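# Report on the structure
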Amino acid sequence: MSVALERNVAVANPNGLHMRPCAAFAELAMRFQSDVLVRHNGQTANGKSIWDLLSLAAMPGVILTLQASGPDADEALSALSLLLAEDGEK
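What comes next concerns the included structure. These numbers were taken from a predicted model, which means no experiment stands behind them.

Basis of the calculations
Residues numbered from 1 in each chain as written. Predicted model: local features only at pLDDT ≥ 70, side-chain atom pairs only at ≥ 80, totals over all residues. Heavy atoms only, no water. Buried < 20%, exposed > 50% of the residue type's maximum accessible area, 1.4 Å probe, protein only. Helix = DSSP H or I, 4+ residues; strand = E, 2+ residues; numbered from the N terminus. Arc of directions from axis to C-beta. Contact = heavy atoms within 4.5 Å. Pairing = 2+ DSSP bridges. Axes fitted to C-alpha atoms, helices over the stretch in contact; angles between N-to-C directions. Salt bridge = Lys/Arg side-chain N within 4 Å of Asp/Glu carboxyl O. Core = buried A, V, L, I, M, F, W, Y, C linked by side-chain atoms within 4.5 Å.

## What to know about helix H1 (residues 19-29)
For H1, every residue scored as buried is listed here: Pro21, Cys22, Phe25, Ala26, Leu28 and Ala29. Summarising the axial view, the buried residues of H1 lie within an arc of 165°, below the 170-degree limit, and thus occupy one face. Check the buried side of H1 and you find it contacts strand E2 (35-40), helix H2 (50-54), strand E4 (63-69) and helix H3 (73-85).

Here it is as structure tokens:
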């Protein structure tokens, strides 16, 4: 059994965690073998589920806690943290 790793990340997208960023996050999370959870305001979402992520209603600037457990947990946290830290306005 692997130890769960955690990282806190602020949502940089000026529109918050809406459909597109949730889809991008879930798609990226599915590339990893590790389980990914996202926590905010007392709620926990499966990081591989767009609908779970949307239910967090994370606005711009809020801090999300990412948790990953599995063989590639460190890589998953790094990639997903970087994705959330991008502002999405390109």
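## As for the sheet that holds E4
Strand order in the open sheet formed by four strands is E1-E4-E2-E3, with antiparallel pairing between adjacent strands. Taken across any chain shown, the strands that pair with only one partner, and hence form the sheet edges, are strand E1 (5-10) and strand E3 (43-46). Strand after strand, the sheet turns through a mean of 25° between neighbouring axes, direction not considered. In the sheet, E2 pairs with E4 via five bridges, with the strands oriented antiparallel. From the neighbouring strand, Val36 faces E4, where its bridge partner is Ala68. Relative to the sheet, H3 contacts E1, E2 and E4, its axis offset from that of E1 by approximately 5°.

## Comments concerning the pattern of salt bridges
Going through the model one piece at a time under the given rule, you end up with three salt bridges. Here Arg39 ties to Glu6 by a salt bridge, and the two come within 2.7 Å at their closest N and O atoms. Taken together, the residues Arg39 in strand E2 and Glu6 in strand E1 connect sequence positions 33 residues apart. By relative accessible area, Arg39 is classed as partly exposed at 27%. In this structure, Arg7 and Asp74 form a salt bridge, with 3.9 Å as the shortest nitrogen-oxygen distance. In this pair, Arg7 is assigned in strand E1 and Asp74 in helix H3, connecting sequence segments 67 residues apart. On the basis of relative accessible area, Arg7 is assigned to the partly exposed category, the value being 30%.

## Things to note about the nonpolar core
Grouped together as the largest cluster of nonpolar side chains are 24 residues, with contacts concentrated most on Phe25, Val38, Leu53, Leu64, Leu66, Leu80 and Leu84. At the level of secondary structure, the elements contributing two or more residues to this core comprise H1, E2, E4 and H3. Residues contacting Leu84, with those up to four places away along its chain left out, are Val9, Ala10, Val11, Ala12, Asn13, Leu17, Phe25, Leu64 and Leu66.

## Description of unusual backbone geometry
Positive phi, normally seen in glycine, also occurs at Asn41, with a value near 55°. The topology assignment puts Asn41 in the loop between E2 and E3.

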